[in-house]
Amino acid sequence: MSVLLVLEERDGRVSRVSWEAFAAAQFLGAALSQPVTAVVMGAQTEALAAEVARKHAGKVIRLEHALLKPYTPDGFSIALEQLVKAESPTHVVFPHTYQVRDFAPALAARMGEVLISDVISIGDGPVFTRQLMQGRLTGTYRHTGSGPCFVSVQAGAFRAEPAAGVSANDAAVSTFTPTLEAAQIRTKPGEPFRGSAQTVDLGSAQLIVSVGRGIKEAENLTLVQDLATALGAELAASRPICDNGWLPMERQVGSSGQSVAPKLYLAVGISGAIQHLVGMKGSQCIVAINKDPDAPIFEVADYGIVGDLFEVVPALTEAVKAAKQ
Ligand SMILES: Cc1cc2nc3c(=O)[nH]c(=O)nc-3n(C[C@H](O)[C@H](O)[C@H](O)COP(=O)(O)OP(=O)(O)OC[C@H]3O[C@@H](n4cnc5c(N)ncnc54)[C@H](O)[C@@H]3O)c2cc1C
C-alpha cells in the first residue's frame, strides 16, 4: 500500500506545483501511514529522478519510454495505467496542471474511477475538499471505488516543502518501462501551451506586499509601493485592484490570478475571500493589516495588525527603512 505521486517536468526540472503536490502526497501518506512513491515520466528521466531523490527519502520510479516524449495523453495514460496496476497504490496524486487535466481523467476512466480534481485541502478519512460554482461553494469528496483514488491538487493549496523528517539522498530509484507502441498514440502534439508572457514572476518572489480594496483610490497605491520598495518586495494585489486597472492583471493573486508561495506575504486591506486565499495561503509567513478584526484574512495570517492601513503602512515603511540603515 502506498501513495503514488506523479510529478511534472517544466524546463527540465520538477515544476513548483509538483512540489506542492509532493507536500499533499506526504500529508496523505502520513495520515494513512503509507509511504509515498514519486514518479517521474518521460524519455530520459535520470536528472529529474536525481532531483527528486535529493528531497524525497522514499521510492522514486522513472517511468521511461521513448514514446513518452513529447507528451501525449494516450502515451501518458497507457504508461501510467500499467504502473498503477503494478504498484497498486491506494491514492494517485497529481499537481492540477493543464497537462494533468488533459490525461488524468482518461487514466482514471481507464481504471473505472474518476479524478477528484483541483483539491484545495485534505481532511480526516481522507476527504478531499474542492471548490464549486467558481469558488462560491466548497464540496468534500470521499472515495468509495474499489480501485485507486485519483486526486489532483490545486496550485498554492499546499506548501512546497518536504515534510519534516525527510532526509535527502535516501531514495531508492528504479525504472519501469511500459509496453507502448507508436500506433497506440492517436494524437500528434503541437507546441506546448505557455501562459501569456509575464514580466512579473510573482510565483518565484520571496517577499510580496499585496494590496486590496482597502486602499480606496489608485493614488494611494504609492503608500504600499513605498513599503514594497523599502522591503525589496514585489507588489501584488487582489482582483478588484486589477479589475479597476490600478495595477496590471499579472500582479493579481488568486484563483483567477497567480499562485504565490513567498517567504513573506503582507496583505494590506485585503478581506481574504476564498478566491484570494487559494492563491497565497501556501506563503510561509502571512502578515495581514486590516481594520476589521473579523476579516477572514486573519484566519490564515501568522501575524495580524488590526488597524487603519493609512496609519500602519507609513509607520511600517519608516520602521523598515530605519532598520535597514
Ligand atoms: C470566479 C471568481 C474568481 C475570482 N478570482 C479572484 C482572484 O483571483 N483574486 C482575488 O483577489 N479575488 C478574486 N475574486 C474576487 C473575490 O471574491 C473578492 O471579491 C476579492 O478578493 C475581494 O478583494 P479585496 O479583499 O481587495 O476587497 P474587499 O473584500 O472589499 O476587502 C477590503 C478589505 O479592506 C479592509 N479595509 C478597508 N479600509 C481599510 C483601512 N483603512 N485600513 C485597513 N483595512 C481596510 C476591509 O475591512 C476589507 O476587509 C474572484 C471572484 C470570483 C467570483
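Our structure's up above, just so we're on the same page.
Residues numbered from 1 in each chain as written. Predicted model: local features only at pLDDT ≥ 70, side-chain atom pairs only at ≥ 80, totals over all residues. Heavy atoms only, no water.

*Asks:* Looking at this structure, how should I read the overall build of the protein chain?
*Replies:* When you go through the protein chain residue by residue, the secondary structure sums to nine helices and 16 strands. In summary, the protein chain has a C-alpha radius of gyration of 21 Å against a globular reference of 20 Å for 325 residues, a match within 12%. The principal-axis extents of the C-alpha atoms in the protein chain amount to approximately 65 × 40 × 40 Å. Residues classed as buried in the protein chain amount to 50% of the 325 residues present. Here the analysis covers contacts within the protein chain between residues at least 6 apart in sequence; of these, 65% occur between residues at least 24 apart. (Helix = DSSP H or I, 4+ residues; strand = E, 2+ residues; numbered from the N terminus. Rg over C-alpha atoms; globule rule 2.2 N^0.38 Å. Buried < 20%, exposed > 50% of the residue type's maximum accessible area, 1.4 Å probe, protein only. Contact = heavy atoms within 4.5 Å.)

*Asks:* Just to check I follow, could you spell out the site of the ligand for this structure?
*Replies:* Around the ligand, a shell composed of 27 residues is seen, among which Arg 213, Ser 238, Ser 256, Ser 271 and Asn 290 lie nearest. At 3.1 Å, a backbone N or O of Lys 291 approaches a nitrogen atom of the ligand. Here a nitrogen atom of the ligand sits 2.8 Å away from a polar atom, N or O, in the main chain of Leu 309. With the chains in place, 81% of the 980 Å² that the ligand exposes on its own is no longer accessible. Put simply, the parts of the chain that give the shell around the ligand at least two residues each are helix H6 (239–243), helix H7 (274–280) and helix H9 (309–324). Taken together, the residues of the shell around the ligand break down into six nonpolar, 15 polar and six charged. (Near = heavy atom within 4 Å. Polar contact = N/O pair within 3.5 Å; in protein donor to acceptor, adjacent residues only side chain to side chain. Areas by Shrake-Rupley, 256 points an atom, 1.4 Å probe, with all protein chains shown as cover. Nonpolar A, V, L, I, M, F, W, Y, C, P; charged D, E, K, R; others polar.)

*Asks:* I'm lost on the packing of helix H5 (residues 221–231) against H9 in this one. Help?
*Replies:* If you want to describe how two helices pack, look at the angle between their axes and the distance between the axes. The N-to-C vectors of H5 and H9 enclose an angle of 20 degrees; their axes lie 9 Å apart at closest approach. The pairing of H5 with H9 is recorded here as roughly parallel in orientation. Between H5 and H9 lies a crossing whose hand is left-handed. Two secondary-structure elements touch here, H5 through Leu 223, Val 224, Asp 226, Leu 227, Ala 230 and Leu 231 and H9 through Leu 309, Phe 310, Val 313, Pro 314, Leu 316, Thr 317, Val 320, Lys 321 and Lys 324. Of the residues contributing to the contact of H5 with H9, the split by class is eleven nonpolar, one polar and three charged. (Axes fitted to C-alpha atoms, helices over the stretch in contact; angles between N-to-C directions. Parallel < 35°, antiparallel > 145°, perpendicular 65-115°, else oblique. Left-handed = near helix turned anticlockwise from the far one by under 90°.)

*Asks:* Even after reading the chapter, I still don't get the sheet that holds strand S15 (residues 285–290), so can you show me in this structure?
*Replies:* Strand pairing in a sheet is mediated by backbone hydrogen bonds. Such pairs are either parallel or antiparallel. The parallel open sheet is built from five strands, whose spatial order is S13-S12-S14-S15-S16. In this open sheet, the two edge strands, each paired with only one partner strand, are strand S13 (234–237) and strand S16 (303–306). Across the sheet, the mean angle from the axis of one strand to that of its neighbour is 20 degrees, orientation sign disregarded. Sheet analysis places strand S14 (residues 264–268) next to S15, joined by five bridges and oriented parallel. Opposite Ala 267, over in S15, you have Ala 288 as the bridge partner. Sitting on the sheet, H5 touches strand S12 (207–211), S13 and S14, and the angle it makes with S12 is about 175 degrees. (Pairing = 2+ DSSP bridges.)

*Asks:* Explanation requested: the sheet that holds strand S1 (residues 3–6) in the structure shown.
*Replies:* Pairing is mixed across the open sheet formed by nine strands, whose spatial order is S9-S8-S7-S10-S6-S1-S4-S5-S11. The two strands at the open ends of the sheet, each matched to only one other strand, are strand S9 (137–141) and strand S11 (172–176). Strand-to-strand twist of the sheet, defined as the mean angle between neighbouring strand axes without regard to direction, takes the value 35 degrees. Along the sheet, helix H4 (residues 98–110) contacts strand S6 (91–95), strand S7 (115–123) and strand S10 (149–153); its crossing angle with S6, the most-contacted strand, is approximately 165 degrees.

*Asks:* Please clarify how the packing of aromatic side chains should be interpreted in this entry.
*Replies:* Given two aromatic rings, their pairing is described by the distance between the two centres and the angle made by the two planes. In this structure the tally under the stated criterion is five aromatic pairs. Judged by centre distance (6.1 Å) and plane angle (55 degrees), the ring pair of Tyr 71 and Phe 103 falls under tilted. With Tyr 71 in the loop between strand S5 (59–64) and helix H3 (73–87) and Phe 103 in helix H4, this residue pair connects regions lying 32 residues apart in the sequence. Classification of Phe 103 as buried rests on a relative accessible area of 2%. Measuring from centroid to centroid gives 5.5 Å for Phe 76 and Phe 103, while their planes differ by 65 degrees, and the two rings are edge-to-face. Pair noted here: Phe 76 is in helix H3 and Phe 103 is in helix H4, with a separation of 27 residues, a long-range link. Judged by relative accessible area, which is 6%, Phe 76 ranks as buried. (Phe/Tyr/Trp six-rings, centres within 6.5 Å; stacked < 30°, edge-to-face > 60°.)

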